[in-house]
Amino acid sequence: MDLRIFTEPQQGASYDTLLTVAKATEDLGFDAFYRSDHYLHMGPGDGLPGPTDAWITLAGLARETKRIRLGTLMTAGTFRLPGVLAIQVAQVDQMSGGRVELGLGAGWFEDEHRAYGIPFPKEKFGRLEEQLAIITGLWGTEVGETFSYDGTYYQLTDSPALPKPAQSRVPVLIGGHGATRTPRLAAQYADEFNIPFASIEDSERQFGRVKLAAEAAGRTRDLVYSNALVVCVGKDDAEVARRAAVIGREPAELKANGLAGSPAEVVDKIGRYGAIGASRIYLQVLDLGDLDQLELISSQVLSQLK
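Residues numbered from 1 in each chain as written. Predicted model: local features only at pLDDT ≥ 70, side-chain atom pairs only at ≥ 80, totals over all residues. Heavy atoms only, no water.

(A) Quick peek at the packing of helix α2 (residues 54–64) against helix α3 (residues 82–96). Contact geometry for α2 and α3: axes closest at 8 Å, N-to-C directions at 15°. Put simply, α2 runs roughly parallel to α3. Relative to α3, the crossing made by α2 is left-handed. Two secondary-structure elements touch here, α2 through Trp55, Leu58, Ala59, Ala62 and Arg63 and α3 through Leu85, Val89, Val92, Met95 and Ser96. Tallied by class, residues from the contact of α2 with α3 come to eight nonpolar, one polar and one charged. (Axes fitted to C-alpha atoms, helices over the stretch in contact; angles between N-to-C directions. Helix = DSSP H or I, 4+ residues; strand = E, 2+ residues; numbered from the N terminus. Parallel < 35°, antiparallel > 145°, perpendicular 65-115°, else oblique. Left-handed = near helix turned anticlockwise from the far one by under 90°. Contact = heavy atoms within 4.5 Å. Nonpolar A, V, L, I, M, F, W, Y, C, P; charged D, E, K, R; others polar.)

Take a look at the structure:
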């Protein structure tokens, strides 16, 4: 089971804070550092010092880290044109020496679009499907050849399809709870399917839908299945309660809906996700100043899963 650190910087984090967490992620033996792609905080608080851009952040981290994978859960398709995004991701992949992964979603948070003047189209899923076709098409075009695309939402004519990523294939993540279109899209384009903040039962049901879609599509490439879950681990109940209070949650709720409790409790629950097919867990870390929690997870959770 791979454990990855997943951050939500829109809630209030500078690049320097993210760099500190990313370096701890690498030093403590976690597999990857991921971040959300949002420009507006959610819920209580002011979000200070303000948002950081996902791909600018990852570009910086690409030069400051050496081992960990770097990616997004999920880049919002509404934020960037697909041709531009293909260039950005390829460049960051080169800067990292081939450690980038692209999680791509349709975009959903209308308030942040209004706040920063970003169009929020009604038909987002159709755009996402075309974006995936364009980005993977650009990367897959041989050097010296051109790529064209004539879609409903996007048109490209004789693109040189450059630059190329350092990796021969940048892993693409698709996720969500949709019962029909999401599994079909994952079966066609994804290297990994991720379901966020879902119970074991709901995850098993959604993994099953994706597997059926992959079979129906005649897919032969393996697909990684993963979960994203909030994390709150402590040596004892008092430490769990203290960490839960800092992020404005209750221990019982966190234990029911995430990975919370003692290291032994968390290892047990991760094992139950593993039993339904998950091989990767993204730990949503909401208190980015609490590096002691990362050290505890590394020494007493991660060490038992290797």
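That shown, we press on.
(B) View of the environment of Phe6. Looking at the element boundaries, Phe6 is found in strand β1 (residues 2–7). By relative accessible area, Phe6 is classed as buried at 4%. As a C-alpha pair, Phe6 and Asp236 span 230 residues in sequence and 23 Å in three-dimensional space. Once residues within four sequence positions are removed from consideration, Phe6 is found in contact with Tyr34, Arg35, Ser36, Leu73, Phe197, Tyr282, Leu283, Gln284 and Val285. (Buried < 20%, exposed > 50% of the residue type's maximum accessible area, 1.4 Å probe, protein only.)

(C) Molecular detail of the packing of helix α1 (residues 15–27) against α2. Put simply, α1 and α2 touch, their axes get as near as 10 Å, and they point 45° apart. In terms of their interaxial angle, α1 and α2 are classed as oblique. For α1 against α2, the interelement crossing comes out right-handed. Contact with α1, carried on its side by Tyr15, Leu18, Leu19, Ala22 and Lys23, involves Thr57, Gly60, Leu61 and Glu64 of α2 and no other residues of that element. Here the contact of α1 with α2 is composed, by residue class, of five nonpolar, two polar and two charged.

(D) Quick look at helix α8 (residues 237–246). Turning to α8, its buried residues are Glu239, Val240, Arg243 and Ala244. Along α8, the residues classed as buried sweep out an arc of 135° about the axis, all on the same side. Exposed residues lying more than 90 degrees from the buried face of α8 are Asp237, Ala238 and Ala245. Buried residues along α8 sit in contact with β10 (224–233), α9 (251–257), β11 (259–261) and α11 (291–305). The opening residue of α8, the one whose side-chain oxygen lies 3.2 Å from the backbone nitrogen of Ala238, is Asp236. Note on α8: the residue one or two positions beyond its end, Gly248, has a positive phi of about 70°. (Arc of directions from axis to C-beta. Polar contact = N/O pair within 3.5 Å; in protein donor to acceptor, adjacent residues only side chain to side chain.)

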